[in-house]
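Structural overview
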Amino acid sequence: DAAELDARIRRAKAALGKRAVILGHHYQREEVYRHADFHGDSLQLSRAAAEQEAEFIVFCGVHFMAEVADILSRPEQASILPDLNAGCSMADMADMPQVQRAWEELATVIDVEQEVTPVTYVNSSAALKAFCGVHGGTVCTSSNARKVLDWAFGQRPKALFFPDQHLGRWTGYQLGIPLRDMPVWDPSLPLGGLTPEEIRRARILLWKGHCSVHQMFQPAHIERWRREHPQGQVIAHPEASFEVCQMSDAVGSTDFILRTVKASPPGSAWLVGTEINLVTRLASEVRAEDKTVEFMSPMVCMCSTMFRIDPEQLACSLESLLAGQVVNRIQVDPETAAQARLALERMLAVS
Ligand code: 13P
Ligand code: SF4
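The rules behind each value
- Residues numbered from 1 in each chain as written.
- Chains lettered and ligands numbered in written order.
- Predicted model: local features only at pLDDT ≥ 70, side-chain atom pairs only at ≥ 80, totals over all residues.
- Buried ≥ 20, exposed ≤ 12 C-beta atoms within 10 Å, placed from the backbone.
- Helix = DSSP H or I, 4+ residues; strand = E, 2+ residues; numbered from the N terminus.
- Arc of directions from axis to C-beta.
- Contact = placed C-beta atoms within 7 Å.
- Domains from an automatic or database assignment.
- Nonpolar A, V, L, I, M, F, W, Y, C, P; charged D, E, K, R; others polar.
- Pairing = 2+ DSSP bridges.
- Right-handed = clockwise from strand over helix to strand, strands pointing away.
- Axes fitted to C-alpha atoms, helices over the stretch in contact; angles between N-to-C directions.
- Left-handed = near helix turned anticlockwise from the far one by under 90°.
- Parallel < 35°, antiparallel > 145°, perpendicular 65-115°, else oblique.
- UniProt positions renumbered as here; feature names shortened; annotations may be inferred.
- Near = placed C-beta within 6 Å.

**As for helix α3 (residues 42-51)**
Among all positions of α3, only S42, L43, L45, S46 and A49 are buried. End-on, the buried residues of α3 take up no more than an arc of 165°, which puts them together on one face. On its buried face, α3 is in contact with β1 (20-25), β2 (38-40), β3 (56-60) and α4 (63-72).

Pasting the structure below:
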């Protein structure tokens, strides 16, 4: 039962001591989240992974996060993902052959190496980070996208941004780029479905990718809630659509959302557009201050892959480490890792 699983995790963790560190993303379910030594958004967890001394970095998050931990840690450290099926559907919306093809097709219209900085959202495979490393590009997260794109434009006049069109569009809009100069590249169409003229005038080429969780939030949800809560405030993650971000009072990473709501005065009311496990935990943490926190969608939409990490798997992962077996290790091949590290280090230097 739940209490027994909790006790198993505590026992194994205590027995491993400093040999293992548990990192937990804010979307993790409470029964897992409470065992993490560090919590954070993607950027904070990337930094935490790079700073760890432990032999084992147990990542309660999704696959690309454990890959980043492997890339940024030392070769003798092992990055563990308690469930190997915990992926990210958005990360799967751009793969290496598609991006390589886009680069080659763009090269028929413009001088890509001189004109385009490739920028990948951290929600992507290590191979795509390596692509960015090799082509003078970088990585961003939801909390540093603005700084990173600013840096990208300091290198070359255009950016190819993948896989999340919404984060790219929202960030470009904040930098003052008109929407018409941010066309969407559809990898299933020749030349991304764009005309050479659209490509020549583009400032950011957005990739046709999105998060299936955040796309559920709709402007109508905000309108309805505002009618009932005229004093309330709306906060959303930048993976939500442009319209939802525009209608929100604040937009930012998971950590930004937590900090902003926690810092608001007692009695505040918030409508929150991000994953439900974060929202439920936040609501219970601020209830004592008489704050209300509501989830933006009337439908329960959670990140089913984040949810794959359950207490049973966490317990089993820790127990196998104790027994001398390193299971569910995420290992990026050394060449890809070196190229991806280049891109990640450029990101860490500007953020
Ligand atoms: P954060 O970087 O804000 O934690 O977001 C990660 C993520 O996957 C959001 O869906
Ligand atoms: Fe990926 Fe969306 Fe889940 Fe974040 S919430 S890990 S972007 S599927």
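On we go.
**Focus: the domain arrangement of the chain**
Along its sequence, the chain is organised into domain 1 (2-87 + 306-332), domain 2 (91-211) and domain 3 (214-295). Computed from C-alpha atoms alone, the centre-to-centre distance between domain 1 and domain 2 is 31 Å. Each partner contributes residues to the interface: domain 1 has nine residues there, and domain 2 has eleven residues. When residues of the side of domain 1 that touches domain 2 are traced back to their parent elements, those giving at least two are α3 and α4. Here the side of domain 1 that touches domain 2 is built from residues that sort into five nonpolar, two polar and two charged.

**Examining the pairing of strand β12 (residues 269-273)**
Burial of β12 is extensive: four of the five residues sit out of reach of the surface. In this sheet, β12 lies alongside strand β10 (residues 233-236) in parallel orientation, the contact comprising four bridges. Residue I235 lies in a different strand from β12, and its bridge partner there is V272. Across four bridges, the pairing between β12 and strand β13 (residues 292-295) is parallel. Paired with L271 across the strands is E294, a residue of β13. The β-α-β motif built from β12, the intervening helix α14 (residues 276-286) and the parallel element β13 has right-handed crossover chirality.

**Digging into the packing of α3 against α4**
Each packed pair of helices is defined by two parameters, the angle between the axes and the distance between the axes. For the pair α3 and α4, interaxial distance at closest approach is 8 Å and the crossing angle is 35°. At the point where α3 passes α4, the crossing takes the right-handed sense. The segment α3 lies against α4, with S42, L45, S46, A49 and A50 engaging M65, V68, A69 and L72.

**Topic: the packing of α4 against helix α16 (residues 334-350)**
Interhelical geometry of α4 versus α16 gives an angle of 95° and a closest axis separation of 9 Å. It follows that α4 is roughly perpendicular to α16 by the angle criterion. Where α4 abuts α16, its residues V68, I71 and L72 lie against A337, A340, R341 and L344. Per-class residue counts for the contact of α4 with α16 are six nonpolar, no polar and one charged.

**Let's talk about the UniProt feature "binding site: [4Fe-4S] cluster" (unreviewed entry) in the chain**
As annotated in UniProt, the feature "binding site: [4Fe-4S] cluster" (unreviewed entry) corresponds to C88, C211 and C303 in the numbering used here. Spatially, the listed residues are clustered: although they cover 216 residues, their C-alpha atoms lie within 9.3 Å of one another. Looking at where C211 falls in the secondary structure, it is placed in the loop between β9 (204-207) and α11 (219-228). C-beta crowding within 10 Å serves as the criterion here: with 25 such atoms nearby, C211 is assigned to the buried category. In this view, C211 contacts M90, D164 and E239; residues no more than four positions away in its chain are not counted. Tracing the backbone through its elements, the reader meets C303 in the loop between β13 and α15 (311-322). Ignoring sequence-local partners within four residues, the contact set of C303 consists of Y27, V213 and E275.

**A closer look at the site of ligand 1**
Near ligand 1 you find H26, D41, S42, N123, T141, S142, C211, H237, E239, S253 and T254, and these make up its full shell. Its residues assigned to classes, the shell around ligand 1 shows one nonpolar, eight polar and two charged.

**Observations regarding the sheet that holds β13**
Strand pairs in the sheet, formed through backbone hydrogen bonds, run parallel or antiparallel to each other. One open sheet holds the four strands; their spatial order is β11-β10-β12-β13, and the pairing between them is parallel. One side of each edge strand has no neighbouring strand; the edge strands of this open sheet are β11 (250-251) and β13. Each of β10, β11, β12 and β13 is contacted by helix α13 (residues 254-263), which is oriented at about 160° to β10, the strand it contacts most.

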